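These are the residues of each chain, in order.
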Amino acid sequence: MDKNKFIRLLFLSTFSMLLYHHFLKPKQTFQSVVPSVNEAGMPVESFNGAPAQVKTGFPFAAALQGEEKYVTVENALFKVTFNTKGGTIQKVVLKRYKKQKEEEVVLLDAQSSCMGLVLPYENVLIETKSLYFTTEALPAYQLKENEQTTIVFKLMLTADQYLEQQFELSGNSYQIGYSWKAVGMEAYLTQKNSKPAFCWHMDMQCLETDYNADAAKSTVNYYLLDQTFDQLKTTDKVEQKQIDKPLKWVSLKQRFFSSAIIAQDAFASTTMAMRTPSDSKEITRTVDVSLALSDQDKANGAGKYSFFFGPNDYKILQQVTKGFEQNLPLGWIIVKWVNQWLIIPLFAFLEKHCSNYGLVIFLLVIMVKLLLAPLSYKSFISMAKMKIVKPELDKIKEKYGTNVQKAQMAQVTFYKELGINPLSGCIPILLQMPILLAMFNFFPNAIALRHAPFLWANDLSTYDSVIQLPFTIPLYGNHVSLFTLLMTLSTILYAKSSSQNSPTEGPMKGLTYVMPFTFMLVLNSFPAGLSFYYFISNILTFLQQALTKYFVDEEAIKKKLLARQQKIKQGETTSFQERVAATIQTSNKKKK
């Protein structure tokens, strides 16, 4: 197989896998459901259910009634509202990001989220989210960059028994410190066979214009104490997982934003459940998480954690805790390295000096092309050599007709005489593949492109629909993306130019024109920024090829090949060609 056949098959197989992964991947079903009782047989009430039934002598009876008071803390990044009912976070608004139609980004509110400690008491579980705390905090705080404040909520049972929750906020951070302390409440924490836990229910709100893209990226990520990272699978069925290993953090991750809780030490175990609402385009996932308190926290009657409510920005995520940057999916290991050490730093450098993200992408293409120029040049020289020898290869095929084995032997001998390695052009292509695949992970997750306009595209993080179709085409969608069309046309232009320098004929040559339409199907619903990148990349590759062709003297290459041929005929050999010839001869003998 020559280099050009190899390249086309490689690209086709790669994009076939991408097509399968994004459109045809079979969905799994799950028979398990969230358990209704704990290990001791205690009923587990839903996280947003009513408080436990009041009985005579019920110690929390006084806390079942009270007045809801709100405390708002605002810094440069977000605005957080606390409620005395539950003594916890009720609403989080991110200030530097907008939803559709200039609406503020509300990560969670009273209708979509509830959280709190769950403590066992006899045959029921006490949910602090349903209890009324008291606080001496002011109604509102405005924090400057170097300022900090602590909000304290207290629930008194008796003079010697109380539960206290504290939240620490600073002026320039997406993190909120959270701690609880239970004084004189050992019976609620150390009851046999019970599992006091922190529980969180959340309906993830759709925050993007493209519901499908947002839902596809919404899931629950978690990081174990042994540094294992994993996530719940995104299916249309209930996905539930019981993990009996210590956890460091759990993140309710959406396409561009995450809401997470991080343990200072660890959670003992967790039960997580996630489902996709079938009747709503406002909610991408509904999640329930129960995080069992560690034995150390139960013994101490206290625990320290922190919350994160912010963007999936690589630099910001890196600063939160170990492994937290994995909330930003960057691809398989090699592709991930390319994104981490090349694409993200280059993009960050360019956006510091340019506010137009269309221009940033254009400059990114140029820088990547310059970096890959030596490989591209080597590949072009290989193509030029194959073009020069094509007439002789045609003569060999014509001479031996249907005798494929003899034709192969003659071709290997011919390559040996000229000193040509027919696979030499494949290595540069293989080295460029990780960068190609890195873009498929970088652009769909680049929050910098969110709501970034360029030319006719209002948002480079989603597709640039110029025509809305009254019907849906399978695999393609119900819209026409102009950048994808331009990318397809430029791919055809590049393929036609390359085929003129290629000895490939027959079905493989037709494959050259099938691939651009595969691109078109796959990328029509991908971010416009990705299609624009490949459109510019194709145009620059075409120009680079024309420029190289102008400066490369094909006659000089031909003379070198002929000189090499003469030396080989005089007895000089190369080990590679000899091994290839010996392999073919051995194969032919076995077949006989």
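Up top is the structure these notes are about.
Residues numbered from 1 in each chain as written. Predicted model: local features only at pLDDT ≥ 70, side-chain atom pairs only at ≥ 80, totals over all residues. Heavy atoms only, no water.

**Topic: the overall build of the protein chain**
Move 1: Check the secondary structure of the protein chain and you find 14 helices and 21 strands.
Move 2: Taking all 592 residues of the protein chain together, 52% fall into the buried category.
Move 3: Restricting to contacts in the protein chain with at least 6 residues of sequence separation, those with at least 24 account for 68%.
Move 4: Put simply, the protein chain shows about 28,800 Å² of open surface, and 56% of that area lies on carbon and sulfur atoms. (Helix = DSSP H or I, 4+ residues; strand = E, 2+ residues; numbered from the N terminus. Buried < 20%, exposed > 50% of the residue type's maximum accessible area, 1.4 Å probe, protein only. Contact = heavy atoms within 4.5 Å. Areas by Shrake-Rupley, 256 points an atom, 1.4 Å probe, with all protein chains shown as cover.)

**Points about the side chain of Ser259**
Move 1: Within the element layout of this structure, Ser259 appears in strand S16 (residues 257–267).
Move 2: Assessed through its relative accessible area of 0%, Ser259 is described here as buried.
Move 3: Dropping the residues within four chain positions of it, Ser259 is found in contact with Leu107, Trp200, Met202, Val250, Ser251, Leu252, Phe308 and Phe309.

**Topic: the sheet that holds strand S7 (residues 140–142)**
Move 1: One open sheet holds the 5 strands; their spatial order is S4-S3-S2-S1-S7, and the pairing between them is mixed. Of all the strands in the sheet, just strand S4 (104–108) and S7 have a single pairing partner and so form its edges. When strand polarity is set aside, the average angle formed by the axes of neighbouring strands in this sheet is 15 degrees. (Pairing = 2+ DSSP bridges. Axes fitted to C-alpha atoms, helices over the stretch in contact; angles between N-to-C directions.)

**Some words on the environment of Tyr223**
Move 1: Relative to the elements of secondary structure, Tyr223 occurs in strand S12 (residues 219–224).
Move 2: Judged by its relative accessible area of 6%, Tyr223 is buried.
Move 3: Placed 101 residues apart in sequence, Tyr223 and Phe324 show a C-alpha to C-alpha distance of 8.0 Å.

**A look at the side chain of Glu325**
Move 1: Along the chain, the position of Glu325 falls in the loop between helix H5 (314–318) and helix H6 (333–353).
Move 2: Comment: no salt bridge for buried Glu325; closest opposite-charge side chain is Lys336, at 5.7 Å. (Lys, Arg positive; Asp, Glu negative; His and termini not counted. Salt bridge = Lys/Arg side-chain N within 4 Å of Asp/Glu carboxyl O.)

**Remarks on the packing of aromatic side chains**
The way to describe two aromatic rings as a pair is by their centre distance and the angle between their planes.
Move 1: Considering all chains together, one arrives at 30 aromatic pairs under this definition.
Move 2: Here the aromatic rings of Phe82 and Phe167 are separated by 5.0 Å at their centres, their planes lie at 50 degrees, and the arrangement is tilted. On the criterion of sequence distance, the pair formed by Phe82 in strand S2 (residues 78–83) and Phe167 in strand S9 (residues 161–170) is long-range, its members being 85 residues apart. Like Phe167, Phe82 is buried.
Move 3: An angle of 20 degrees between the planes, with centres 6.0 Å apart, marks the rings of Phe347 and Tyr357 as stacked. In this pair, Phe347 is assigned in helix H6 and Tyr357 in helix H7 (residues 357–400), connecting sequence segments 10 residues apart. An identical accessibility class is assigned to Phe347 and Tyr357; each is buried.
Move 4: One Lys or Arg, Lys154, reaches over the ring of Tyr162 and ends 4.3 Å from the middle of that ring. (Phe/Tyr/Trp six-rings, centres within 6.5 Å; stacked < 30°, edge-to-face > 60°. Lys NZ or Arg CZ within 6 Å of the ring centre and 35° of its normal.)

**Side note on H6**
Move 1: With 21 residues, H6 extends 30 Å between its outermost C-alpha atoms, agreeing within 8% with the 30 Å of an ideal straight helix rising 1.5 Å per residue.
Move 2: The sharpest bend along H6 reaches about 40 degrees and sits at Asn339. (Expected span 1.5 Å × (residues − 1). Bend = angle between axes of the 7 residues up to and from the residue.)

**Some details on the pattern of salt bridges**
Move 1: Applying the stated criterion to the full structure yields 5 salt bridges.
Move 2: Linking Lys298 and Asp295 is a salt bridge whose minimum nitrogen-to-oxygen distance equals 3.5 Å. One end of the pair, Lys298, and the other, Asp295, are both in helix H4 (residues 295–300), 3 residues apart, so they sit about a helical turn from each other.
Move 3: Residue Asp295 is classed as exposed on the basis of its relative accessible area, which comes to 60%.

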